[in-house]
Amino acid sequence: QVQLVESGGGLVQAGGSLRLSCTVSGRTFSNYGMGWFRQAPGKEREFVANIWPSGGMTYYADSVKGRFTISSDNAKNTVYLQMNSLKPEDTAVYYCATKGQSGTYNRPSGYDYWGQGTQVTVSS
């Protein structure tokens, strides 16, 4: 059984930082891509960042490029999302997910297992 457990969300002022963590169990972590998505109230779930732990390739949404950094610790089966220079528009529930065998890396349909989500709120 594949499980993803996220942590690290919270309330922060604009310009602040947070680091999200996502620990995966039940799957060989390094064999699969990992992604972070977010969903704000009334909006669709959107891509934030992706990493391939085996090779270290990363991809980012334009809206977070230069502010967010995705990384992984293969020994801990954990992927991180370091978020700096946070803006009120970054407020959302953040989800991590494991990349499936098909589909693109920047769409939710490309991922097969999801965490429960962690709330990030950025105040102005």
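These numbers were taken from a predicted model, which means no experiment stands behind them. (Residues numbered from 1 in each chain as written. Predicted model: local features only at pLDDT ≥ 70, side-chain atom pairs only at ≥ 80, totals over all residues. Heavy atoms only, no water.)

Enquirer: Quick rundown of the environment of Thr69? Include the residues and the values.
Expert: Along the chain, the position of Thr69 falls in strand β7 (residues 68-73). In this structure Thr69 comes out as partly exposed when scored by relative accessible area, which is 41%. Taking the C-alpha atoms as reference points, Thr69 and Gln82, separated by 13 residues in sequence, lie 5.0 Å from one another. If sequence neighbours within four positions are ignored, Thr69 has contacts with Tyr60, Tyr80, Leu81 and Gln82. (Helix = DSSP H or I, 4+ residues; strand = E, 2+ residues; numbered from the N terminus. Buried < 20%, exposed > 50% of the residue type's maximum accessible area, 1.4 Å probe, protein only. Contact = heavy atoms within 4.5 Å.)

Enquirer: Outline the side chain of Thr98, supporting the account with residue identities and numerical values.
Expert: Tracing the chain through its elements places Thr98 in strand β9 (residues 92-99). Setting aside anything within four residues of it in sequence, one finds Thr98 in contact with Leu4, Val24, Arg27, Gly33, Met34, Tyr111, Asp112 and Tyr113.

Enquirer: Explain the packing of aromatic side chains residue by residue, including any values.
Expert: Within this structure, the stated rule accounts for 7 aromatic pairs. Ring geometry for Phe37 and Phe47: centres 5.7 Å apart, planes at 75°, overall edge-to-face. Here Phe37 is found in strand β4 (residues 34-39), whereas its partner Phe47 is found in strand β5 (residues 46-52), with 10 residues between them in sequence. Judged by relative accessible area, Phe37 falls into the buried class, the value being 0%. (Phe/Tyr/Trp six-rings, centres within 6.5 Å; stacked < 30°, edge-to-face > 60°.)

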